[in-house]
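Structural overview for review
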Amino acid sequence: MENGDVPEDANEHCPGTLSESAGKADACEGCPNQQACATAPKGPDPDLVAIAERMATVKHKILVLSGKGGVGKSTFSAQLSFALAALDFQVGLLDIDICGPSIPKMLGLEGQDIHQSNLGWSPVYVESNLGVMSIGFMLPNPDEAVIWRGPRKNGLIKQFLKDVYWGELDVLVVDAPPGTSDEHISIVQCLQATGLDGAIIVTTPQQVSLIDVRKEVSFCKKVGVPVLGVVENMSGLAQPLSDFRFAKITETGEQNDVTEWALQYMRDKAPELLNLIALSEVFDSSGGGAAKMCREMGVPFLGKVPLDPQLCRAAEEGRSCFVDQRCTASAPALKSIIEKLLQNQGLSQMAKENGA
Ligand code: ADP
């Protein structure tokens, strides 16, 4: 990858546009780019040099990846950023999920604009120590699909890394799109030279999701990105019994809401039941879930986060799940995962110095 980009229409086994053998290797015979590659000046990609300069003020860079969409990657990125900011770290959250940027909403920043100063693009700040940058801030119409080919997406990612003025950051969390496509190769290529700590991979427990996560782990291994750990999200439903709705199905198959009756019945007959958290396996984890996959692939397992309607609400409303007691089922799980991550990354000492 140090040999530069591989054009979309390149021959198989392209040595890369910056390689000394670009345009001259056997693999270049007949390639439409052969002439251009053979004559282009070689040397370090000037964008990578600019990115390295920009990232020099960022101590830790963490990628958040997933094999599939909808598994909670952005939710995790958002809550990780809130948690790190609450520990007094200086945090940046960069959303490069170009086709589905949900970070502005999850941080409560919908409709905000990016401002430009002579130092570069300014992130949008949730708090003075939590800045956010997303393609979502640049789209004139959030309902409009972004239909961009790889090179244009890669261009934007490079621009994000090159032109955003983060200032001094303890941690930059990068929310990547799902899969292992062009954008991933581009971001890894850009960040690796500047010292990328590694990637956290988010999955759900069922096999169809884990199959894709295995690909994600293998992608990380191939491109030399350390896997900091895997998070199993939506790992069963967990919520206080008192938050459930109850129904009776009639003989004709109709659903009658009997929530009031059921809650009153419990209050009268067994009030202690109302303090219980009800658990339900939603997705099949009989295959051993993410923990087993991690053992097999030799990567750390960080823990499980249950499906918690209150966490979904916090994400919809752009709130941290840690500030009030509403996310009783998910916030402790997320907290313990983040603590484990901090310990593994040697960040816990820094958190203590911050007084957390
Ligand atoms: P991805 O980034 O992987 O596409 P999102 O983070 O956007 O996934 O999550 C998809 C939806 O699921 C969002 O509405 C989010 O709030 C919700 N969600 C994610 N994790 C949980 C969870 N543990 N409990 C409840 N809802 C969740």
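An account of the accompanying structure is given in this report. The structure displayed is predicted, hence computed values, not measured ones. (Residues numbered from 1 in each chain as written. Predicted model: local features only at pLDDT ≥ 70, side-chain atom pairs only at ≥ 80, totals over all residues. Heavy atoms only, no water.)

Some remarks on the overall build of the chain
The helix and strand inventory of the chain stands at 12 helices and 13 strands. Each of the three principal axes of the chain carries a C-alpha extent, and together these read 85 × 45 × 40 Å. Counting across all 356 residues of the chain, residues that qualify as buried make up 48%. For the chain, contacts bridging at least 24 residues in sequence account for 73% of all contacts bridging at least 6. For the chain, the computed accessible surface area is about 17,500 Å², with 51% contributed by carbon and sulfur atoms. The distance from the centre of the 30 positive side-chain charges to the centre of the 45 negative ones in the chain is 4 Å. (Helix = DSSP H or I, 4+ residues; strand = E, 2+ residues; numbered from the N terminus. Buried < 20%, exposed > 50% of the residue type's maximum accessible area, 1.4 Å probe, protein only. Contact = heavy atoms within 4.5 Å. Areas by Shrake-Rupley, 256 points an atom, 1.4 Å probe, with all protein chains shown as cover. Lys, Arg positive; Asp, Glu negative; His and termini not counted. Charge placed at Lys NZ, Arg CZ, Asp CG, Glu CD.)

Regarding the packing of helix H6 (residues 182-192) against helix H7 (residues 207-223)
As a packed pair, H6 and H7 sit with axes 12 Å apart at the nearest point and diverge in direction by 40°. What the angle tells us is that H6 and H7 run oblique. The way H6 lies across H7 gives a crossing that is right-handed. When H6 is examined against H7, the residues His 184, Ile 185, Val 188 and Gln 192 are found in contact with a partner set consisting of Glu 216, Phe 219 and Val 223. In terms of residue class, the contact of H6 with H7 is made up of four nonpolar, two polar and one charged. (Axes fitted to C-alpha atoms, helices over the stretch in contact; angles between N-to-C directions. Parallel < 35°, antiparallel > 145°, perpendicular 65-115°, else oblique. Left-handed = near helix turned anticlockwise from the far one by under 90°. Nonpolar A, V, L, I, M, F, W, Y, C, P; charged D, E, K, R; others polar.)

So, the pairing of strand S8 (residues 198-203)
Where burial is concerned, most of S8 is hidden: six out of the six residues are buried. In this structure, S8 lies alongside strand S9 (residues 227-240), joined through five bridges in parallel fashion. Note on S9: the bridge partner recorded for Ala 199 is Val 227. (Pairing = 2+ DSSP bridges.)

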